[in-house]
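Coordinate analysis (summary)
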Amino acid sequence: MVFGQGDYTYEVVEGWGSKPAGRELGIVSSMAVDSLNRVHVIDREPNPAIVVYDQTGHFLYDWGQKIFKVPHSIWISEDDIIFITDCELHTVMTFTLDGQILSTLGTPGEPGKLGEPFNAPTWAVLGKNNDMYVTDGYGQHYVHHFTKDGQLIRTWGGYGKDPEQFDTPHCVRVDKDKRVFIVDRGNSRIQIFSPEGKFLQSWDHLMAANDLYIDQDNVVYLAEAPGRVSILNLQGEILSQWGSKGKSPGQFIEAPHGIWVDSRGDIYVCEVPFTHNRIQKFKRI
């Protein structure tokens, strides 16, 4: 069965992802692909860890069992630095690919005050100048902008429905022109800002989303919570789209929560919350 339309069509790879040796996957909330196309998966709870697979879905190794409390998202930079947000620790941590910790931003176990980093942060990524953007989206409704060495530059947001306000800012990405894309999940929109946090525009024609990915060709991939994948250009025009509820391969039982695209153009989607925690791979054809 083929999913999608036009130049962006896919077939599902059934049964992708073997069980890690000696463990079962719990809630899978996010994944990211490194420069060698290895897939790094957050096994969020009840036994948090990072689980690593090769492209075929073969388990390679895991790590982090004594580090995390409730890891929420994973993002990997072009030079293979891993960024992980932890909602219970209220931190953004960076690691090497084999799990050696490089830095910690935030005070572990202590939530920030209103409007200050961090209170259950949801996503962290680098911008084009190696500055960092963090959505602080579960305990509060803000976006923080840092220098590459972790100095806070600015914060914007706050709860609401107006432009520059958020209801659960859940994910952040930066495009080729340094524009900052915020998944404003509770308001079912994508807000787009300048690098300095100036509001530029809003995409309001989509369903409530959880994750957004921008590839090297500046194509946008969106994991929408009601059970859909949308592929768009940077103007917000839909290039391809699919999604239906069900248990068959290619359908979504729960809410797509994470999305990533590897160097071949294959898409990985994970679903949460609580009953069918799985990863599906859609192979581009």
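Scroll up a little and you will see the structure.
Residues numbered from 1 in each chain as written. Predicted model: local features only at pLDDT ≥ 70, side-chain atom pairs only at ≥ 80, totals over all residues. Heavy atoms only, no water.

Observations concerning the nonpolar core
The nonpolar side chains of soluble globular proteins are, as a tendency, buried together. Let me state the cut-off plainly: The set of buried Ala, Val, Leu, Ile, Met, Phe, Trp, Tyr and Cys residues whose side-chain atoms join them within 4.5 Å is what this entry labels a nonpolar core. Only protein chains enter the calculation, and the probe is 1.4 Å; a residue is then buried if its accessible area is under 20% of its type maximum, exposed if over 50%, and partly exposed in between. It only takes one pair of heavy atoms within 4.5 Å for two residues to be counted as in contact.
Ranked by size, the top nonpolar core spans 79 residues in total, and within it Tyr-221 and Ile-267 carry the most contacts. When neighbours within four sequence positions are excluded, Tyr-221 is seen to be in contact with Tyr-8, Tyr-10, Asp-211, Leu-212, Tyr-213, Asp-215, Ser-230, Ile-231, Ile-259, Val-261 and Ile-267.

Quick look at the sheet that holds strand E4 (residues 39-45)
The criterion, for reference: Pairing between two strands is assigned when DSSP locates at least 2 bridges connecting them. A run of H or I in DSSP counts as a helix once it spans at least four residues, and a run of E counts as a strand once it spans at least two, with each numbered from the N terminus. Note on geometry: axes are lines fitted to C-alpha atoms, helical ones only across the stretch in contact, with angles between N-to-C directions running from 0 to 180 degrees.
Strand order in this open sheet of four strands is E3-E4-E5-E6, and the pairing throughout is antiparallel. Two strands bound the open sheet, and with one partner strand each, they are strand E3 (27-33) and strand E6 (59-63). The mean angle between the axes of side-by-side strands here comes to 25°, regardless of whether they run parallel or antiparallel. Pairing geometry for E3 and E4, over six bridges, is antiparallel. By the bridge assignment, Met-31 is partnered in E4 with Val-41.

Brief notes about the pairing of strand E1 (residues 2-5)
Inspection of the sheet shows E1 paired to strand E2 (residues 8-13) by four bridges, in the antiparallel sense. In the strand pairing of E2, Val-2 is matched with Glu-11.

Focus on the side chain of Gln-251
Using the following cut-off: Two N or O atoms form a polar contact when they lie within 3.5 Å of each other; inside protein one atom must be a possible hydrogen donor and the other a possible acceptor, and for residues adjacent in sequence the pair counts only when both atoms belong to side chains.
Summarising the element assignment, Gln-251 is placed in the loop between strand E22 (238-242) and strand E23 (255-261). Looking at Gln-251, its side chain comes within polar contact range of the side chain of Ser-244, at 3.2 Å. With near-sequence residues (within four places) excluded, Gln-251 lies in contact with Ser-244, Lys-245, Gly-246, Glu-271, Arg-278 and Gln-280.

Considering the pattern of salt bridges
Where we set the bar: Throughout this description, the term salt bridge denotes a Lys or Arg side-chain nitrogen within 4 Å of a carboxyl oxygen of Asp or Glu.
The tally for this structure, following the rule as stated, stands at nine salt bridges. Between Lys-281 and Asp-266 there is a salt bridge, with its nearest N and O atoms 3.8 Å apart. Of this pair, Lys-281 sits in strand E25 (residues 279-284) while Asp-266 is found in the loop between E23 and strand E24 (267-272), placing the two residues 15 residues apart along the sequence. By relative accessible area, Lys-281 is classed as buried at 7%. Take Asp-266: its relative accessible area is 2%, and that puts it in the buried class. The salt bridge partner of Glu-271 is Arg-278, with a shortest N-O separation of 2.5 Å. Like Glu-271, the residue Arg-278 is buried in the burial classification. Linked by salt bridges that have partners in common, Arg-264, Asp-266 and Lys-281 make up one network.

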